[in-house]
Structures are given as C-alpha cells and as structure tokens.
Amino acid sequence: QRQQQQPHTTTIITSSELSPAMESPDKSEPVNHERRILPASRAELLAGDLPEALADGRRLWIRGTVLSRRVLSRSLAFASVRLEAHSEAGMPWQTEKLHSKWGASQQHDGAEARGELQAHLSEAAAVCGLCFCAGLLDADGDFEATDEASWWHVVCQETAWAAFPGRKGDLPIGTLLEASVASLPMYRPEPMVLRWRRLEEAAPPGDPPPVPSAFNMARHHAARDAINRSAKQELLKARGGQATLCRVWSAGRECCDGCECRHVLASPIEDARVADIKSMREESRAAAALERSLYDEASGDVSAHRSEAKAEKTQRAELFAAWLLETYGADALGAGGGVLDVAGGRGDLSWALSTGHEVPCTLVDPALRRDGQLRSWQRRALRKSGREGFRHVAAEFGPEAFGSPATPYGPLLLSASLVVGLHPDQATEAIVDLALAAGVRFAVVPCCVFTHLFPSRELEPGQPVRSLNQFCAYLRLKDSRIRETFLGFEGRNKVLYLP
Ligand SMILES: C[S@@+](CC[C@H](N)C(=O)[O-])C[C@H]1O[C@@H](n2cnc3c(N)ncnc32)[C@H](O)[C@@H]1O
C-alpha cells in the first residue's frame, strides 16, 4: 500500500537481511535500485508494457525450506528459502545446484537487474530470497492451467494452493514449500511467488492420533528452538559471516547482553528502512491507543476497572476467581460437575477455585504443561491438605468433543455449573456457542481475535470482525442476556457473561 502511493518510479528498499543471497556477487558493479511500483494484480502486470512478463523463460518451480520470513504489509512479505530442488519449463525436477543461465538470461534491461538474479539463483546460491506480493498470488489456482500448460511435470495435486502469508505463522520457519516463481527484476530483485503451497512431511507410520488429542508443550518448544538455532546458523553462513541487524536495537530499545547481532546501520538503504519501520510502529501504536480507549469506554460496571491501582496481569486468575465467587456464589459454582475451565493453560484459575474455595473444577486444554504435572509446591500443598485438586481433560474444546451428549465430553459440559474462559484464545467463541446451546451459564474474558482463523465472522453483513472491540460486540449479539463488566487487573480485563 505504501509503495503504491509513491510516484511511478520509486526506490524499493532492498532487504539484504531477508535475502541473504541478494548482494551482487560482482561488488564493482553498482546495483541499480530504481524499480517500478508493484502491480496490484496479475491482470495489471500483463496489461502493462511487459507482455513477456510471465513467459516460461522467466519462470521456475522451486522447493525449499523456509529459513526466515518477514511480513512487511498486508500485501508484501518476504522469505529466505534454502533451495532443495528446482524445475524449469519443460524440465524435470533437479536437486543439484541451479543453472546460473536461468538468472543470467532473464535480465530485464541490462544494468537494472544485472548480477542480482544471478546471485539469487546461481550456482552459488543455496539460499534465495522470495517476495510474496498479494496482487500476484494465485491462491485459487485459477491461472494454473494457463501458466503451467507447457510444463511437463505433474505437481503435487493433493495440497491446496496457499493464500498470501499475511502473518509470520502462515510461513513457519522450517516449512517445506513448493512455489512457482517468476523473475520480475523490474519490480523486485528477488524471484516473485505466483503460487505456493506447503508440502507436508510424510505422516509417521501407525494409527493417526485420536481426536481430540493432547500435545506436549516442552517438546514443541524444544523442536522450535532447535529449528530457529540452525536456521540462524545457516543464514549467517550464507551471508559470509555478516551478522543480522539487531531488531531490538534498530527499534530504539535496549537489547540483551551478549547479543550477537549487528548494532550499526550498514547503508543509507538500511537507514531508510529502519526509519520507515519506526514510523509504521508509531502509527500502529496510535491505532492501538484508540482501540484501547474504545475498549475502556464500553458499557458495564466499570467500578473495578476505573480503580486507580490495577493489579498486575499475573494476578488475573485469582481476581477472576474472586469475581466468579462474588457473582455466582460458591454453592452455585459447586453444583453438578462444577466449573469447566476452558483453555485454562497451566490451571491457575482451576487451582484458585478448587483449592482455595473447594469448587470442583475441570481444566480443558490440549496443551500439557510439565507433562500434565502440577508444580511441586502444588503437589506438596495437596498432599498436606488431603485434597484432590482439579481434573485435567487434555482435549480441544469444540463441537467434535463437547457438542452433544453423544460426543466424548458432551455430558461433562451438560453437567457443568459454569463454563469459564480466561484469555481463551481460539476457544472463545466455542465457549459462548456451546454453553448457550447446552443451556449452561458462562463467563469469558476474550483476549485475541484470530481473524485469519475465523475469516467469516461478521458484525453485520460486509463488516468483518477484526478488532477485539468488534469481537466483543459480535459475541454479545449472540444473546441479549449477555452482560459485560471489567476486572481489576491490567490488560484485557473485560468479562462477557451470562448471569
Ligand atoms: C493465552 S493462553 C491462556 C491460558 C490461561 N487461561 C491464562 O489466562 O493464563 C490460551 C490457552 O488456550 C488454549 N486453547 C486454545 N484453543 C483451545 C481450544 N479449542 N480448547 C481448549 N483450549 C484451547 C491453549 O492451549 C492455551 O493454553
């Protein structure tokens, strides 16, 4: 969007951090950064003065593993990919190094692209930068037949084409991807992605995991950290040892001791990029402040919220427990199967209610912290008091597991005195929907919207739910009995509840 507001010929800042192989191999030859504004759509690209833009010779299929990625705006994202295989029009997949001729023969007009593409897709480049531009991406496969009609190989048909990776999470580090890319140096030095998808690793042999399934957080974090570490090493090697610019430092904050990143701006281009990021950050801060003021303005009993001294976020479970006891009463909470604490994480709310106030609780969360064990001081406290603590159902809260009496945990929901969710992430709407359908009261403190996971939510026709304020309004519209109030802690502290 920013780029489209600029005059016709503009300077696109080259992100060497994202595209480690992008530096010209011939340092004596200056790289010209004058480029055109990115086309808003494929139709615009073809309608321009580039009839040959998507000719076979400019095209390549690649497979590789994502080493790093950055989302710059809603329509522009970048990734560094370690190439594992490639295929030209009419040629089979190859796993050896890329032809340097592909890069060399596709220069748009001499000096402009010279060296850059070669550096991307040359024999030396084991890592290449990719540019994702939303307008050029064919997520529906509409252009597949025309674009690849003359290509002999059959691509993997089972996996759908992916949309623009608008969030880091859409393109996790370590993802194995397949992409159809085009060399369009008049727009960007990196190959531009026309279509892409994730390639799943082969499923391990044996029975598929039961649904709903649990997962081990410690193992997940260890695997993620290992991938991040090795990706960093590879990037450093690919850059010839030049360290990455420190993001914390370049954002004007103090970074940690022993930070191995670079703490100096290497070029005017980098300077401009950092300034641009700073101004974007300021804009987003202003937008967040506006959102917060709307959040605070909402109707409800604001007495706790308005109090001068709000407790720290870390005390949210105790404060929510106290509010539940005050609002519903210990007897009502203890009726039937007791409280269902959905998305309770490590169980702080269930702990506060069950051990502090003897309200029976069941924690529903698929993530196992400490392999599902309580902390040692909690185990000691239970041993001393002879109490049982709370139950843990390691399952996702949703219609498959809780939606009817016939589902594995449907009876648990029906017998609950109250369904609660404190910052329950993706489970928020399911709590409201399933509790209303089961005729059970609920109290949720929403925190995140997860727009990309729930794109069809609308406040009214044509008005998608994007912000937390809109999400709260959307949830309230589900039943006129839903009320709203605030708790006395910092951060997301609005409760939506059925009294
Ligand atoms: C932000 S944490 C909140 C944890 C805790 N309530 C707290 O306030 O500290 C969100 C939790 O929601 C869980 N979660 C996400 N989707 C869920 C679902 N469909 N069913 C149950 N838990 C879910 C995650 O595993 C995670 O533990």
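An unreviewed UniProt entry annotates the chain as Methyltransferase domain-containing protein of Polarella glacialis.

A.B. asks: For this particular structure, what's the right way to read the overall build of the chain?
C.D. replies: Scanning the chain from terminus to terminus reveals 16 helices and 18 strands. Counting all 499 residues of the chain, 44% fall into the buried class. Put simply, of all contacts in the chain between residues at least 6 apart along the chain, 66% involve residues at least 24 apart. Per element, the accessible surface of the chain, about 25200 Å² overall, is 52% carbon and sulfur.

A.B. asks: Even after reading the chapter, I still don't get the site of the ligand, so can you show me in this structure?
C.D. replies: Around the ligand, the structure places 17 residues, and the nearest of them are R316, A343, D365, F397 and L422. Within the backbone of A343, a nitrogen or oxygen atom sits 2.9 Å from a nitrogen atom of the ligand. For the ligand, a nitrogen atom lies 2.7 Å from a polar atom in the backbone of L422. Out of a free accessible area of 590 Å², the ligand has 80% covered by protein chains. Its residues assigned to classes, the shell around the ligand comprises 8 nonpolar, 4 polar and 5 charged.

A.B. asks: Help me understand the environment of A427, please; the structure alone is not making it clear to me.
C.D. replies: Mapped onto the secondary structure, A427 falls in the loop between β13 (418-422) and α15 (428-438). Note: C-alpha distance between A427 and V342 (85 residues apart in sequence) is 7.5 Å. Those residues in contact with A427 that lie beyond four places of it in its chain are V342 and A343.

A.B. asks: Even after reading the chapter, I still don't get the pattern of salt bridges, so can you show me in this structure?
C.D. replies: Throughout the structure, instances matching the rule amount to 14 salt bridges. Notably, a salt bridge pairs R63 with E178, separated by 3.6 Å at the nearest N-O pair. A residue pair is termed long-range when its members are at least 10 positions apart, and R63 in strand β3 (residues 59-71) and E178 in strand β6 (residues 176-182) qualify at 115 residues. Two residues, E178 and R197, come together in a salt bridge whose shortest N-O distance is 3.1 Å. Note that E178 is positioned in strand β6 and R197 in strand β7 (residues 192-198), a separation of 19 residues in sequence. Residues E178 and R197 agree in their burial class; the two are buried. Within the structure, one salt-bridge network assembled from shared partners comprises E429, D433, R457 and K478.

A.B. asks: Would you explain the pairing of β3 in this entry?
C.D. replies: Successive residues of a regular strand alternate their side chains across the two faces of the sheet. Among the 13 residues that make up β3, 11 are buried, leaving the element largely enclosed by the rest of the structure. Examined bridge by bridge, β3 and β6 share 7 bridges and lie antiparallel to one another. Residue I62 lies in a different strand from β6, and its bridge partner there is A179. By the bridge criterion, 10 bridges tie β3 to strand β4 (residues 76-87) in an arrangement that is antiparallel. Across the sheet, T65 pairs through a bridge with R82, a residue of β4. The turn linking β3 back onto β4 is made up of 4 residues.

A.B. asks: Would you mind going over unusual backbone geometry with me for this structure?
C.D. replies: Across residues other than glycine, the phi torsion is negative in most instances, and most of the peptide bonds are trans. Of note in this structure, A343 is not a glycine but carries a positive phi near 60°. Looking at the secondary structure, you find A343 in the loop between β9 (339-342) and α11 (348-357). Backbone geometry places H423, a non-glycine residue, at a positive phi of 50°. Structurally, H423 is set in the loop between β13 and α15. With a relative accessible area of 16%, H423 lands in the buried category.

A.B. asks: Is there a simple way to think about the sheet that holds β13 in this case?
C.D. replies: To summarise the sheet geometry, strands pair through backbone hydrogen bonds and adopt either a parallel or an antiparallel arrangement. If you trace the 7 strands from one edge of the open sheet to the other, you get β12-β10-β9-β13-β14-β18-β17, paired in mixed fashion. At either end of the open sheet lies a strand with only one pairing partner, and these are β12 (391-393) and β17 (483-486). Within the sheet, the average angular offset between the axes of one strand and its neighbour, ignoring direction, is 20°. Note: β9 against β13, 4 bridges, orientation parallel. If you follow V342 over to β13, its bridge partner there is G421. Of the strands in this sheet, β17 and β18 (494-497) touch helix α16 (residues 468-476), which is tilted by about 15° from β18.

A.B. asks: Help me understand the nonpolar core, please; the structure alone is not making it clear to me.
C.D. replies: A general tendency of soluble globular proteins is for nonpolar side chains to be buried together. The biggest cluster of nonpolar side chains holds 34 residues, and the ones touching the most others in it are L340, V342, F397, F402, V419 and F442. With 28 residues, the next largest nonpolar core counts V359, L418, A443 and V495 among its residues.

A.B. asks: What should I look at first to understand the environment of L235 in this one?
C.D. replies: Note that L235 resides in helix α5 (residues 217-238). As for L235 and S80, which are separated by 155 residues in sequence, their C-alpha atoms are 8.6 Å apart.

A.B. asks: Help me understand the side chain of S250, please; the structure alone is not making it clear to me.
C.D. replies: Among the secondary structure elements, S250 is positioned in helix α6 (residues 247-250). Each residue touching S250, except ones within four places of it in the same chain, is listed here: L245, V274 and K278.

A.B. asks: Sorry if this is basic, but what is going on with a positive patch on the surface here?
C.D. replies: A grouping of R370, R379, R380, R383 and K384 is seen on the molecular surface, where their side chains present a positively charged patch. For K384, the location among the structural elements is in helix α12 (residues 376-385). Here K384 falls in the exposed class, since its relative accessible area comes to 76%.

Criteria and cut-off values
- Throughout this document, residue positions are counted from 1 along each chain, in the order its sequence is written.
- Thresholds applied to this predicted model are a pLDDT of at least 70 for local features of residues and 80 or more for the giving and counting of side-chain atom pairs; totals over whole chains, interfaces and linings are not thresholded and use all residues.
- For the side-chain quantities, the full set of heavy atoms in the structure was used; hydrogens and water were omitted.
- Strands here are runs of E lasting at least two residues and helices are runs of H or I lasting at least four, both read from the DSSP assignment and numbered beginning at the N terminus.
- Only protein chains enter the accessibility calculation, which uses a 1.4 Å probe. A residue is then buried if its area is under 20% of the maximum for its type, exposed if over 50%, and partly exposed in between.
- Contacts: residue pairs with any heavy atoms within 4.5 Å of one another.
- Only the protein chains shown count as cover for residues, and the accessible areas themselves come from Shrake-Rupley with a 1.4 Å probe.
- Any residue with a non-hydrogen atom lying within 4 Å of a molecule or strand is treated as near it.
- N or O atoms closer than or at 3.5 Å make up a polar contact, with two conditions inside protein: a donor-capable atom paired with an acceptor-capable one, and, for residues adjacent in sequence, both atoms drawn from side chains.
- Amino acids outside the nonpolar list (Ala, Val, Leu, Ile, Met, Phe, Trp, Tyr, Cys, Pro) and the charged list (Asp, Glu, Lys, Arg) are all regarded as polar, and Gly is one of them.
- What makes a salt bridge here is a side-chain nitrogen of Lys or Arg within 4 Å of a carboxyl oxygen of Asp or Glu, nothing more.
- Strands were regarded as paired on the criterion that DSSP finds at least two bridges between them.
- For every element, the axis is a line fit to its C-alpha atoms; helices are fit only across the contacting stretch, and the angle between N-to-C directions ranges from 0 to 180 degrees.
- Note on terminology: a nonpolar core comprises buried Ala, Val, Leu, Ile, Met, Phe, Trp, Tyr and Cys residues joined through side-chain atoms within 4.5 Å.
- Only residues above 30% relative accessible area that lack a salt bridge enter a patch, with like-charged residues linked at up to 9 Å and the nonpolar side chains Val, Leu, Ile, Met, Phe, Trp and Tyr linked at up to 5 Å.
- Charged residues are defined narrowly, with Lys and Arg counted positive, Asp and Glu counted negative, and His plus the chain ends left uncounted.
- By convention, the point assigned to a charge is CZ for Arg, NZ for Lys, CD for Glu and CG for Asp.

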